[in-house]
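What follows is each chain in one-letter form.
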Amino acid sequence: NTLFSDIHASSTRVLTEPVRTVAQRGKMGAIKVTSVLAITLLVCCILQASFLTGVHCAEASAADATVDVDAGATLSYDGFSAEEKKALDGGEKQEFQAEVGRLMDIIINSLYSKKEIFLRELISNASDALDKIRFLSLTEPKVLGEGDAAKLEIRISTDKKAGTITIHDSGIGMSKEDLMNNLGTIAKSGTSSFLEKMSKEGDMNLIGQFGVGFYSVYLIADSVTVVTKSNDDDQYVWVSSADASYTISKDPRGTTMSRGTQITMKVKEDATEFLEEDQLKTLIKRYSEFINFPIYLQTTKTEEIEVPDEDAAKEVEKPEAAEADEKKDDDEVDVSDVDEEEEKKEDKPKTKKVKKTTKDWELINDTKAIWVRAPSDVEAAEYNNFFKSLTKEFDDPLEKIHFTAEGEIQFRSILFVPKKAPSDLFDKLQTKQNNLRLYVRRVFISDEFDDLMPRYLSFIRGVVDSEDLPLNVSREMLQQSRVLKVIKKKLVSKALDMMKKMSEAEESAIEAEEEEEKEDEDAAKKEAAGEKAEEEESEEEEGEEDGEAAIKKFKDFNEAFGKTIKLGIIEDTKNRKKLAKLLRFESTHTKDGETVSLGRYVKRMKEGQKHIYYIAGENKKELESSPFLEKLKKRGYEVIFMTDPIDEYAVQHMDEFEDNKLMNASKEDLKFGDKEEKKEKKRREKAKESLKDLIEWYKKILGDRVEKIIVSNRLTTSPMAVVTGTYGYTANMERLMKAQALNDPSRYSFMASKKTVEINPYHPVVLKLNEKAKESADDDDTKDLAFMLYDSALVTAGFDIDDQANFHKRILKLIKGGLNVDEEAKPEEPEDEPEEEEEKKTEEPEEGEKKEEEKKEEL
């Protein structure tokens with residue numbers, strides 16, 4: 001626009017210019033022509049630009065209009081507008097088609113991992129049918145019928161000749177319509193439908209969920225026949241061979257059962273093991289032992305019975321007739337001497353033994369699911385019997401806990417602590433655990449879990465039963481790991497509560513014993529009490545028995561499962577504080593066979609003591625004489641002995657207990673934290689100055705064997721001790737690492753102990769060695785004594801001697817000196833030549849005699 005305005009002004013000036021003189025016009029002629037041409041060119045350019053700009057603006061306006069139109073319309077997720085969607089809704093609807101044979105093959109062969117599952121599924125279905133009729137009978141008692149029809153039970157039988165298995169229940173039965181809906185429709189659950197109808201009337205506890213359990217029969221059967229009778233219809237027969245078809249017809253035999261369902265399976269050739277009674281009995285006990293209704297299995301028994309031997313009786317009659325003919329004329333025979341016993345024997349009829357096979361119904365699920373009852377309603381004997389049937393052990397459980405968990409997941413559980421640890425407890429830590437059995441509505445699901453209980457609690461036995469666990473369709477595993485985490489957290493908490501209860505009972509009993517000992521000491525100084533005192537004594541005796549039982553119970557628990565609790569200290573960071581209260585150790589203050597807990601250790605700590613002291617080694621006897629404990633014993637501090645190989649591993653994960661730091665007495669930088677320590681530190685500083693030359697000389701001859709030499713604050717009677725760094729391996733840990741069968745030394749070389757020599761600045765041996773080092777620092781004898789002192793300290797600390805060959809030489813030199821034997825003296829062997837000549841002389845005549853004898857033999 002600006003350019004156009006300038007051009008317009010210039011043109012106006014040219015056109016309105018006044019007429020000038022001719023001379024002026026001549027001069028300006030060339031300029032005018034040039035200006036007109038320039039103006040014309042500029043006007044053409046402006047017109048072309050305006051045209052192109054207008055076209056572009058028109059396209060842009062059209063585009064903007066399109067965008068506004070599209071913005072006003074709402075599109076679906078797939079890009080169609082509402083009007084277009086309406087047009088699509090008018091299309092032809094079709095249903096998904098499935099190849100029934102292929103679908104059945106998938107359900108049968110891909111859904112279940114074990115063939116034996118079929119029995120669990122069929123028994124669960126039968127249990128549901130019985131539950132349904134029982135539920136209906138609450139409002140209509142007539143539906144049960146009378147006599148045998150009113151009995152709610154499941155019966156299982158086999159026929160080896162026919163190759164069939166039959167399962168019969170007296171449940172609700174099915175009508176023709178039920179057969180078509182429940183068995184003829186895949187994934188149609190009759191139980192789910194029944195629950196929907198009855199949900200408003202009451203709470204039901206049925207098992208079926210998915211509607212495919214029945215088809216597990218084809219895991220072991222070629223064909224299945226179902227005969228069923230309900231109260232509302234005739235008796236019908238359903239037959240199928242796991243193909244795409246089935247048949248339903250009225251039973252031509254009429255009504256043969258009052259009510260219920262009978263399933264007969266023709267067993268496959270590769271599944272004949274399920275025809276064995278023992279196999280079926282095992283599976284029933286494994287999967288359906290706690291079903292509410294009795295399960296009977298038809299068993300056959302073969303026994304020998306005596307029957308009259310008719311053949312023998314006939315053979316006896318013949319000789320008796322011949323004898324009667326011979327004795328017709330012999331009327332004067334005296335029969336008074338006949339043995340009456342023989343006559344009785346002859347009067348007995350002849351019998352023979354034959355084998356008879358009888359059939360009988362045996363109740364299989366005689367153990368009841370006691371976890372569904374309230375703990376107050378279950379007696380101790382019932383818990384013990386249930387534990388024995390669950391674990392197949394002979395001893396009663398050491399402890400138990402019975403609880404119901406509510407919240408996100410509801411379940412009931414009983415957990416037991418066995419009296420003895422299984423022999424393969426630590427061999428199975430890396431395998432799937434089978435210590436807990438998972439049930440859903442009393443039907444066994446699995447006992448192989450990795451996440452239901454931590455491995456350090458793999459000794460806990462018990463059951464877990466839930467009503468609403470999210471199972472997969474085959475009901476063999478849980479679908480959501482989150483659910484397992486919730487269950488695991490609750491189970492671990494309850495298991496630890498059970499152990500805590502035992503621990504607290506033991507602690508209370510020990511405290512009561514200690515109080516009684518004090519009272520006895522006081523009572524010994526006073527006169528005996530009257531009758532009231534006797535009554536108190538009788539009550540105390542009862543308390544003593546309970547206390548002794550509590551102490552023995554936890555002692556047995558600690559001996560059996562103490563190592564697994566220490567494994568939990570290493571692995572379970574969340575429950576480490578709870579587990580620490582269950583630990584028991586021997587100590588300097590315990591008698592033989594007794595242990596102390598960390599809690600009791602803290603209670604009886606000396607005034608001013610700030611740390612919990614411990615030392616690790618092979619056994620209590622060796623640790624009691626360790627030089628590391630000398631100053632601690634002098635102060636009266638209790639020191640814990642850790643003699644299990646796992647102890648030092650576990651304590652590395654425990655920095656403190658109840659705000660008291662754990663301190664290893666065999667490591668450097670041992671602290672006492674009392675007032676006396678400051679005074680001792682000043683005295684050690686003075687002693688260090690006097691032994692400065694000895695320390696430098698000693699470090700020079702030991703070289704890289706040790707990191708440093710310091711004045712000790714822990715020694716009182718020993719001249720020297722070898723300790724390790726704060727963060728390195730102790731001698732005990734180094735011994736354990738070397739003992740590993742598949743050990744790789746390079747993997748822990750960075751943790752190898754850095755040795756620190758601590759010397760007792762007040763010991764006569766150290767003071768004398770200091771004098772020797774000043775007088776003759778380069779003397780070999782002085783160096784040998786220094787090395788022997790160091791080697792003996794290594795052995796006492798539990799380390800291996802660095803140079804065993806030189807150690808042997810130095811010991812031998814010391815022995816020779818003590819026996820006044822010259823160092824260069826060597827053993828001399830006596831000469832045996834004269835004896836050899838005499839032997840030859842005696843041998844020569846013997847050889848001559850042998851030669852003469854040989855000549856004689858030749859002649």
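Up top is the structure these notes are about.
Counting from 1, residues in each chain are numbered in the order their sequence is written. Given that the model is predicted, a residue must reach a pLDDT of at least 70 before its local features are reported, and side-chain atom pairs must reach 80 or more before they are shown or counted; all residues, however, enter totals for whole chains, interfaces and linings. To obtain the side-chain values, all non-hydrogen atoms of the structure were included, while hydrogens and water were left out.

How would you summarise the overall build of the protein if you had to cite specific residues and measurements?
Strands are runs of DSSP state E lasting at least two residues, helices are runs of H or I lasting at least four, and both sets are numbered from the N terminus onward. On a plain count of helices and strands, the protein comes out with 25 helices and 21 strands. Throughout this description, buried means an accessible area under 20% of the type-specific maximum (1.4 Å probe, protein chains only), exposed means over 50%, and partly exposed covers the range between. Within the protein, buried positions represent 38% of all 859 residues. To be clear on the numbers: accessible area is Shrake-Rupley with a 1.4 Å probe, and residue cover counts the displayed protein chains and nothing else. Accessible surface computed for the protein: about 53,900 Å², of which carbon and sulfur atoms make up 49%.

Outline the pairing of strand β16 (residues 639–642), listing residues and values.
The side-chain alternation of β16 yields two buried faces, one formed by Val639 and Phe641 and the other by Ile640 and Met642. Strand pairing is assigned whenever DSSP detects at least two bridges linking the two strands. Pairing geometry for strand β14 (residues 586–587) and β16, over 2 bridges, is antiparallel. Bridge assignment links Ser587 to a residue of β16, and that residue is Ile640. Sheet topology note: the strand β15 (residues 611–616)/β16 ladder contains 4 bridges and is parallel.

Residue-level account of the packing of helix α20 (residues 692–702) against helix α23 (residues 780–797), with values.
Throughout, an axis means a line fitted to C-alpha atoms (over the contacting stretch in the case of helices), and angles, computed between N-to-C directions, take values from 0 to 180 degrees. Contact geometry for α20 and α23: axes closest at 11 Å, N-to-C directions at 80 degrees. In terms of orientation, α20 and α23 fall into the roughly perpendicular class. Residues Trp697, Tyr698, Ile701 and Leu702 of α20 touch α23, and the partners they reach there are Thr782, Lys783, Ala786, Phe787, Leu789 and Tyr790. Of the residues in the contact of α20 with α23, the class split is 8 nonpolar, 1 polar and 1 charged. Reported orientations rely on four angle classes, namely roughly parallel under 35 degrees, roughly antiparallel over 145, roughly perpendicular from 65 to 115, and oblique for the rest. Between two residues, a contact is recorded if the distance between any of their heavy atoms is within 4.5 Å. By the convention adopted, Pro, Cys, Tyr, Trp, Phe, Met, Ile, Leu, Val and Ala count as nonpolar, Lys, Arg, Asp and Glu as charged, and the other residues, Gly among them, as polar.

I'd like a description of the packing of helix α5 (residues 117–137) against helix α8 (residues 277–287), backed by residues and values.
One way to put it is that α5 packs onto α8 with a least axis distance of 10 Å and a crossing angle of 60 degrees. Here α8 runs oblique to α5, going by the angle between their axes. As for the relative orientation of α5 and α8, their crossing is right-handed in sense. Where α5 abuts α8, its residues Ile117, Leu119, Arg120 and Ile123 lie against Leu280, Leu283, Ile284 and Tyr287. Its residues assigned to classes, the contact of α5 with α8 comprises 7 nonpolar, no polar and 1 charged. By definition, any crossing whose near helix is turned counterclockwise from its far helix by less than a right angle is left-handed, and any crossing with a clockwise turn is right-handed.

Residue-level account of a nonpolar patch on the surface, with values.
On the surface, Ile815, Leu819 and Val821 cluster together into a nonpolar patch covering about 270 Å² of accessible area. Inspection of the secondary structure puts Val821 in the loop between α24 (804–818) and α25 (833–858). With relative accessibility at 37%, the residue Val821 sits in the partly exposed group. Here the term patch refers to residues with relative accessible area over 30% and no salt bridge, with like charges joined within 9 Å and nonpolar side chains (Val, Leu, Ile, Met, Phe, Trp, Tyr) within 5 Å. When a carboxyl oxygen of Asp or Glu is within 4 Å of a side-chain nitrogen of Lys or Arg, the pair counts as a salt bridge.

Let's hear about the nonpolar core: which residues, and what values?
Leu491, Met499, Phe557 and Tyr698 are the most contacted members of the largest nonpolar core, which totals 102 residues. Here the element with the most residues in this core is helix α12 (residues 481–524); it accounts for 10 residues. Not counting chain neighbours up to four residues away, the residues in contact with Met499 comprise Leu457, Phe459, Ile460, Phe554, Phe557, Ile565 and Leu582. Within this scheme, the nonpolar core is defined by two criteria: the residues are buried Ala, Val, Leu, Ile, Met, Phe, Trp, Tyr or Cys, and they are joined through side-chain atoms within 4.5 Å. Formed by 60 residues, the second largest nonpolar core is a distinct cluster that contains Ile167, Leu219, Val224 and Phe293.

Lay out α5 with the relevant residues and their values.
The end-to-end C-alpha distance of α5 is 31 Å, a good match for the 30 Å that 21 residues give at a rise of 1.5 Å each. Summarising burial for α5: 18 of the 21 residues are buried, a large majority. Helix span, expected: 1.5 Å multiplied by one less than the number of residues in the helix.

Tell me about a positive patch on the surface, residues and numbers included.
Only four residue types enter the tally: Lys and Arg on the positive side, Asp and Glu on the negative side; His and the chain ends are excluded. To locate a charge, the coordinates of NZ of Lys, CZ of Arg, CG of Asp or CD of Glu are taken. A cluster of like positive charges, contributed by Lys610, Lys678, Lys682 and Lys686, occupies part of the molecular surface. Here Lys678 shows up in helix α19 (residues 675–690). Here Lys678 falls in the exposed class, since its relative accessible area comes to 64%.

So what about the environment of Asp232? Which residues, and what values?
By the element assignment, Asp232 lies in the loop between β3 (221–229) and β4 (235–240). On the basis of relative accessible area, Asp232 is assigned to the exposed category, the value being 75%. In this structure the C-alpha to C-alpha distance between Asp232 and Ile172, which are 60 residues apart in sequence, comes to 9.9 Å.

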